[in-house]
Amino acid sequence: MTAALGMLSPTEGALPSPLDFVVEALAEAGALAEREDARAVALLPARLAAELEVREECALALYPDRDGDVACGLGSTLLERLIARARGRPVSTSVRLAADPPRPAHVRAAADRFALRNGLCEAGQVSTGAAVYVAAIVAYGVEADDRREGLVRVVVNAHDGGEPDAAVGAHLDLAWPSALVQPSAASLSTDDRAADWIALRAERAVRAAVQPLLGEVELRHARDHDRIVSYFADLIAEARAPRRRADPKAVEAKVAHLIAERNAKLEALPARFAAKVTCSVAALVSAEVPVALVNMRLRRRKESRDIVLRLPAGASSLDRLTCEACGAATARPAACDDRMHLLCEACAPNAQGRIACPACAKRR
Ligand SMILES: [Zn+2]
Ligand SMILES: [Zn+2]
């Protein structure tokens, strides 16, 4: 599941007050800070005070109206510095989703819609339990003639890489916490491969998110190029048809000068519009989510394989499965002939006939 977080609206919860954030951030950095209405007093360790360029003992105020007040509202230097400090390292946290698991009828209906592209499937027993998911919030930046930033979120099951639908991801968006999300003290176990699944899918999500931004950079590049060309074309035409009689040599010298100037401007453009894309993990949320499970027997020719499909609380569709060749998520797998590896549409584009299985090829 991926989503551009900027698209989500603050339907639940509101942004904390900047003063609350400042007080919490200072306390976390080792300061003593105490809140009094729209103000706070803080006692900072010397190093922190030096780093933030405030006095060791200071009065913080949303609206600084007394002598010596340190402003900490939106746009204030202290708030910006503390935000930069907080953004400097990824945060991670564990939560649990306080919801009932999906009802059996709901899971059966979802399982009925599941299809193996090149075989048959038969739903069996339904049970309920809990599953661990990891949501990674990845920050990206595109730097060219200007700088654009954004966030993408990828959510994977911590043990099989399955990908829940968007509704589950929205619950795990802690920027706008859902009322169902509660902090959890449990340390949630994850498979060693979870980091690989996240890296793979985050890379794809970032590529998709930056594509339109890179397109805009190219458009601006082309527009500036055309502007320079037409501007100099006008100047050159003017120089070649002077209103008063002019020495042809002087005209040619002027034209040559204009051409050189135009070329220099055009040559400088690619460097200005060379886009650099960066990304880094901003936050990791591991979450325990109630789920309903359904056993499924897959059949392909003479082979069969039993798998478990999962429907997390709040989702309307089953978790997408992890392709056993490339690690991508797929809702419509095909099974290979020899080992019934489940393969995504990219790894097995054609489900007719025998599949050249990349997962089998890796094992040889
Ligand atoms: Zn694949
Ligand atoms: Zn295979």
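Within every chain, residues take consecutive numbers counted from 1 along the sequence as written. Lettering for chains starts from A, numbering for ligands starts from 1, and both go in the order in which the items are written. Local features in a predicted model are, by the rule used here, given only for residues with pLDDT of at least 70; side-chain atom pairs are given and counted only at 80 or more, and totals for whole chains, interfaces and linings are based on all residues. Water and hydrogen atoms play no part in the side-chain values, which are based on all heavy atoms of the structure.

Enquirer: Which residues make up the overall build of the protein chain, and what values do they have?
Expert: Each helix and strand counted, the protein chain has eight helices and 15 strands in total. Here the radius of gyration uses the C-alpha set of atoms, whereas the globule reference equals 2.2 Å times the residue count to the power 0.38. Here the protein chain has a C-alpha radius of gyration of 29 Å; the compact-globule value for 364 residues is 21 Å, and the former is much larger. With the principal axes as the frame, the protein chain shows a C-alpha extent of 95 × 70 × 35 Å. The buried share of the protein chain, taken over its 364 residues, is 40%. For the protein chain, the proportion of contacts with a sequence separation of at least 24, taken over those separated by at least 6, is 64%. Here the protein chain has roughly 20800 Å² of accessible surface; of this, 52% comes from carbon and sulfur atoms. Charge counting follows a simple rule: Lys and Arg are positive, Asp and Glu are negative, and His as well as the terminal groups are ignored. Note that the charge is assigned to NZ on lysines, CZ on arginines, CG on aspartates and CD on glutamates. Taking the average location of the 48 positive side-chain charges in the protein chain and that of its 48 negative ones, the two points are 8 Å from each other. Segments assigned H or I by DSSP are reported as helices when at least four residues long, segments assigned E as strands when at least two residues long, and all are numbered from the N terminus. Exposure classes here rest on a 1.4 Å probe applied to the protein chains alone. A residue is buried below 20% of its type maximum, exposed above 50%, and partly exposed in between. When checking whether two residues touch, look at their non-hydrogen atoms; a contact exists if any pair is within 4.5 Å. A 1.4 Å probe and the Shrake-Rupley method give the accessible areas. Residues count as covered only by the protein chains that appear here.

Enquirer: Just give me the short version of the coordination of the zinc ion (ligand 1), but keep the residues and values in it.
Expert: Within the first shell, the zinc ion (ligand 1) binds the protein through Cys323 (SG), Cys326 (SG), Cys344 (SG) and Cys347 (SG), at distances of 2.3 Å. Mapping the donors of the zinc ion (ligand 1) onto the primary sequence gives the spacing C-x2-C-x17-C-x2-C. Taken together, the residues Cys326 in the loop between strand E12 (321-322) and strand E13 (329-330) and Cys344 in the loop between strand E15 (342-343) and helix H8 (358-363) connect sequence positions 18 residues apart. Residue class for Cys344 comes out buried when judged on its relative accessible area of 4%. For Na, K and Ca the donor cut-off is 3.2 Å, and for all other metals it is 2.8 Å, counting N, O and S atoms only; because water is absent from this set, sites may look incomplete.

Enquirer: Could you give an account of the sheet that holds strand E3 (residues 39-43), with specific residues and numbers?
Expert: The strand order across the open sheet built from four strands is E2-E3-E4-E5, with neighbouring strands paired in mixed fashion. Either end of the sheet is taken by a strand with one partner, and the two such strands are strand E2 (32-36) and strand E5 (69-71). Strand-to-strand twist of the sheet, defined as the mean angle between neighbouring strand axes without regard to direction, takes the value 30°. At least two DSSP bridges between two strands are needed for those strands to be called paired. Examined bridge by bridge, E2 and E3 share five bridges and lie antiparallel to one another. The residue bridging Leu32 from the neighbouring strand is Leu43, located in E3. Axis lines are fitted to C-alpha atoms, over the contacting stretch for helices. Their N-to-C directions set the angle, which ranges from 0 to 180 degrees.

Enquirer: Describe the coordination of the zinc ion (ligand 2), listing the residues and the values that go with them.
Expert: Surrounding the zinc ion (ligand 2) are the protein donor atoms Cys336 (SG), His341 (ND1), Cys357 (SG) and Cys360 (SG), at 2.0 to 2.3 Å. We note that the donor set of the zinc ion (ligand 2) lies within a single chain, spaced as C-x4-H-x15-C-x2-C.

Enquirer: Just give me the short version of the packing of helix H6 (residues 194-240) against helix H7 (residues 248-272), but keep the residues and values in it.
Expert: Following both chains from N to C, one finds H6 and H7 inclined at 175°, their axes separated by 9 Å at the closest point. Regarding the angle of H6 to H7, the classification is roughly antiparallel. Each residue receives one of three labels: charged for Asp, Glu, Lys and Arg, nonpolar for Ala, Val, Leu, Ile, Met, Phe, Trp, Tyr, Cys and Pro, and polar for the others, Gly being one of them. Taken together, the residues that form the contact of H6 with H7 break down as 13 nonpolar, two polar and eight charged. Any angle from 65 to 115 degrees is called roughly perpendicular, while one under 35 is roughly parallel, one over 145 is roughly antiparallel, and all others are oblique.

Enquirer: A description of empty space enclosed by the protein should follow, citing residues and the corresponding values.
Expert: Cavities and pockets are found on a 1 Å grid laid over the protein atoms alone: a cavity is a set of points where a 1.4 Å probe fits but cannot escape, a pocket is an open set with protein on both sides within 12 Å along at least five of seven lines, and a lining residue has an atom within 4 Å of such a point. Grid points are joined across faces, edges and corners, and a volume is the space filled by probe spheres set on the points. One pass over the structure, following the stated rule, counts one cavity of 30 Å³ or more. Considered as a void within the structure, the largest cavity measures approximately 30 Å³ in volume. Residue lining of the largest cavity: Val142, Asp146, Arg148, Leu213, Glu216, Val217 and Arg220, and that is the complete set. For the lining of the largest cavity, the class distribution of residues is three nonpolar, no polar and four charged. Shared between two domains, the lining of the largest cavity takes at least three residues from each, and those domains are domain 2 (93-203 + 279-318) and domain 3 (206-277). Domain start and end points were adopted from an automatic or database domain assignment.

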